[in-house]
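What the coordinates show
What follows is each chain in one-letter form.
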Amino acid sequence: MRLHVDTALVYVVACLVLIGLGLGFMVTPASNLIMNAVAKTKQGMVSSLTSLERFAPLTLGIAVFNMIFLWGVTTIAANHEVTHLSPVDMQKTVISAGFDLAFLGSFVLGIVILILALVIRQEIHPDNLGKEDEIGPGMI
């Protein structure tokens, strides 16, 4: 959220790495929760739905992120009379403030998702209980 005009590249890369690790640590357990909650006969269908679940929010997230960014830029431009600044200074300050607002919204949403992930209770379908899956011939 502290992205500014003079932000170091190392800081930006470190933040992006943390975002990638966070997504990696959340997607696999969430998929596991979903797959264990359905019958084995329905897991193929649910697997395709989890793929849709991964890509649809990304598409919507890009649109929402851009909407928050543009809202922040126009709000800051209207309330702080940035039109009196030179265009170069105006772009840097307004755009960095718009990114701050967009990332703040993403951060709050991420905290809400993390809290939900911590309190969710795993339900295991009866098909997935009991002995482990047996590997038959030709399945190695």
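Every residue gets a number counted from 1 within its own chain, in the order that chain's sequence is written. Reporting in this predicted model follows two pLDDT cut-offs: at least 70 for local features of residues, and 80 or more for side-chain atom pairs to be given and counted; totals over whole chains, interfaces and linings ignore these cut-offs and use all residues. Excluded from the side-chain calculations are hydrogens and water; all other atoms, namely the structure's heavy atoms, are used.

**Describing the overall build of the chain**
Helices and strands together make up the secondary structure of the chain, namely three helices and zero strands. Reading the secondary structure of the chain in the N-to-C direction produces α-α-α. Counting across all 140 residues of the chain, residues that qualify as buried make up 11%. Residue contacts follow a heavy-atom distance rule, with two residues in contact if any of their heavy atoms lie within 4.5 Å. In the chain, the proportion of contacts linking residues at least 24 apart, taken out of those at least 6 apart, comes to 71%. Computed by Shrake-Rupley with a 1.4 Å probe, the accessible areas treat only the displayed protein chains as cover when residues are assessed. Carbon and sulfur atoms make up 72% of the accessible area of the chain, which amounts to about 10900 Å² in all. Runs of H or I in DSSP of at least four residues are treated as helices and runs of E of at least two as strands, each being numbered from the N terminus. In this scheme, a residue with accessible area under 20% of its type's maximum is buried, one over 50% is exposed, and one in between is partly exposed, where area comes from a 1.4 Å probe on protein chains only.

**Concerning the layout of surface pockets**
Of the two site types, the cavity is a set of points on a 1 Å grid over the protein atoms alone where a 1.4 Å probe fits but cannot get out, and the pocket is an open set with protein on both sides within 12 Å along at least five of seven lines, each lined by residues with an atom within 4 Å of a point. Grid points are joined across faces, edges and corners, and a volume is the space filled by probe spheres set on the points. Approximately 2300 Å³ is the volume attributed to the largest pocket. Taken together, 46 residues make up the lining of the largest pocket; nearest its centre are Ile-19, Leu-23, Ser-106, Gly-110 and Ile-113. Those elements that provide at least two residues to the lining of the largest pocket are helix H1 (9-36), helix H2 (43-79) and helix H3 (87-119). Classifying every residue of the lining of the largest pocket gives 34 nonpolar, seven polar and five charged. Three classes are used, and their members are as follows: Ala, Val, Leu, Ile, Met, Phe, Trp, Tyr, Cys and Pro are nonpolar, Asp, Glu, Lys and Arg are charged, and the others, Gly among them, are polar.

**Structural notes on the confidence of the model for the chain**
Averaged over every residue, the pLDDT of the chain is 75; the share at 70 or more is 79%. Within a predicted model, pLDDT stands for the predictor's per-residue confidence, ranging from 0 to 100. Here H3 stands out as the least confident element of the chain, with mean pLDDT 76; H1 is the most confident, with 81.

**Focus on the nonpolar core**
We define a nonpolar core as any set of buried Ala, Val, Leu, Ile, Met, Phe, Trp, Tyr and Cys residues linked to one another through side-chain atoms lying within 4.5 Å. Core analysis: the biggest nonpolar cluster contains six residues, these being Phe-65, Phe-69, Val-73, Ile-76, Val-94 and Ala-102. Where this core is concerned, the elements lending two or more residues are H2 and H3. The element best represented in this core is H2, accounting for four residues. Residues within four places of Val-73 in sequence aside, it is in contact with Val-94, Ile-95 and Gly-98.

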